[in-house]
Amino acid sequence: AAAPAWGHRASVPGEEDAIYVMGMTLLRGLRGKQPRPEAGARLLQKLVDVLEEEDASPSYFIGAAAYAIARAKSEKLLERPRKVAPLLRRAATCGHVRALHELAGMHEKGIEVRKDGREAARLVELAAAAGRAGKRGRGVAAARES
């Protein structure tokens, strides 16, 4: 099997999960491996960057990768990125319920984003609907359809 071409989409069916697991293994030092947070974040970021492509569609693993980088930054495992709100937005776009909740809290308190109670309430409502939909990878999309 050939390695994915990083200049092209990393989200070939069947590869997103492998890229995510490898990135998390490096980021957190899972499976008895020594943590290499910067290397793990770089790999996960390549997966997140897929959302910038013209024909890209949100997926569970892209959202989970964005959330993992944001959490690692919040836990001070990484120095970069400086802000986590853009990563949480990307994760929320992919239906990541925890990202929606954290982004709502940031809007409620005005951390990295403008203080906006209505936006916070909207995000909490989306998270609740996505959680009820219970469709992995389609949380927000499924909630919007109902």
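Please read all numbers here as calculations on a predicted model, not as lab measurements.

### Considerations on the packing of aromatic side chains
Inference 1: Taken as a whole and assessed by the stated rule, the structure comprises 2 aromatic pairs.
Inference 2: Between the aromatic rings of Tyr 60 and Phe 61, the centroid separation amounts to 5.3 Å while the plane-to-plane angle is 80°, which identifies the pairing as edge-to-face.
Inference 3: Put simply, the rings of Tyr 20, Tyr 60 and Phe 61 pair up and form one aromatic cluster.

### Let's talk about the confidence of the model for the protein
Reading fine detail from the predicted coordinates is not recommended where pLDDT is low.
Inference 1: On average, residues of the protein carry a pLDDT of 83, and 82% of them reach 70 or more.
Inference 2: Per-element averaging of pLDDT across the protein places helix α7 (residues 139-145) at the bottom with 46 and helix α5 (residues 97-109) at the top with 96.
Inference 3: Predicted confidence for residues 1-11 stays below pLDDT 50, and this span has 16 contacts to residues more than four positions away or in other chains.
Inference 4: Counting interchain partners and residues more than four positions distant, the pLDDT-below-50 stretch residues 136-146 has 21 contacts.

### Observations concerning the nonpolar core
Inference 1: Ranked by internal contacts, the top residues of the largest apolar core, which has 40 residues, are Tyr 20, Leu 27, Leu 44, Leu 47, Leu 88 and Met 106.
Inference 2: Elements that contribute at least two residues to this core include exactly α1 (16-28), α2 (37-48), α3 (60-74), α4 (85-93), α5 and α6 (117-133).
Inference 3: The element best represented in this core is α3, accounting for 10 residues.
Inference 4: Dropping the residues within four chain positions of it, Leu 27 is found in contact with Pro 35, Arg 36, Pro 37, Gly 40, Ala 41, Leu 44, Ala 68, Ala 72 and Leu 78.

### Quick word on unusual backbone geometry
Inference 1: For the bond from Arg 80 to Pro 81, the omega torsion is 0°, close enough to zero to count as cis.
Inference 2: Relative to the assigned elements, Pro 81 resides in the loop between α3 and α4.
Inference 3: In the Ramachandran plot, Arg 31 falls in the positive-phi region, its phi being about 55° despite a non-glycine side chain.
Inference 4: Relative to the assigned elements, Arg 31 resides in the loop between α1 and α2.

### Quick word on α5
Two residues of an α-helix separated by three or four positions point the same way, owing to the 3.6 residues in each turn.
Inference 1: An ideal rise of 1.5 Å per residue puts 18 Å on 13 residues; α5 measures up with 19 Å between its terminal C-alpha atoms.
Inference 2: Of the positions making up α5, those classed as buried are Ala 99, Leu 100, Leu 103, Ala 104, Met 106 and His 107. Projected down its long axis, α5 shows its buried positions confined to an angular sector of 160°, all on one face. Away from its buried face, by an angle of more than 90 degrees, α5 presents the exposed residues Arg 98, Glu 108 and Lys 109.
Inference 3: With its phi angle positive at about 75°, Gly 110 sits one or two positions after the end of α5.

### Re the environment of Ala 99
Inference 1: In this fold, Ala 99 is placed in helix α5.
Inference 2: Owing to a relative accessible area of 0%, Ala 99 belongs among the buried residues under this scheme.
Inference 3: Sequence spacing of Ala 99 and Ala 127 is 28 residues, and the spatial spacing of their C-alpha atoms is 8.6 Å.

Conventions and cut-offs
- Residues numbered from 1 in each chain as written.
- Predicted model: local features only at pLDDT ≥ 70, side-chain atom pairs only at ≥ 80, totals over all residues.
- Heavy atoms only, no water.
- Phe/Tyr/Trp six-rings, centres within 6.5 Å; stacked < 30°, edge-to-face > 60°.
- pLDDT = per-residue confidence, 0-100.
- Helix = DSSP H or I, 4+ residues; strand = E, 2+ residues; numbered from the N terminus.
- Contact = heavy atoms within 4.5 Å.
- Core = buried A, V, L, I, M, F, W, Y, C linked by side-chain atoms within 4.5 Å.
- Buried < 20%, exposed > 50% of the residue type's maximum accessible area, 1.4 Å probe, protein only.
- Expected span 1.5 Å × (residues − 1).
- Arc of directions from axis to C-beta.

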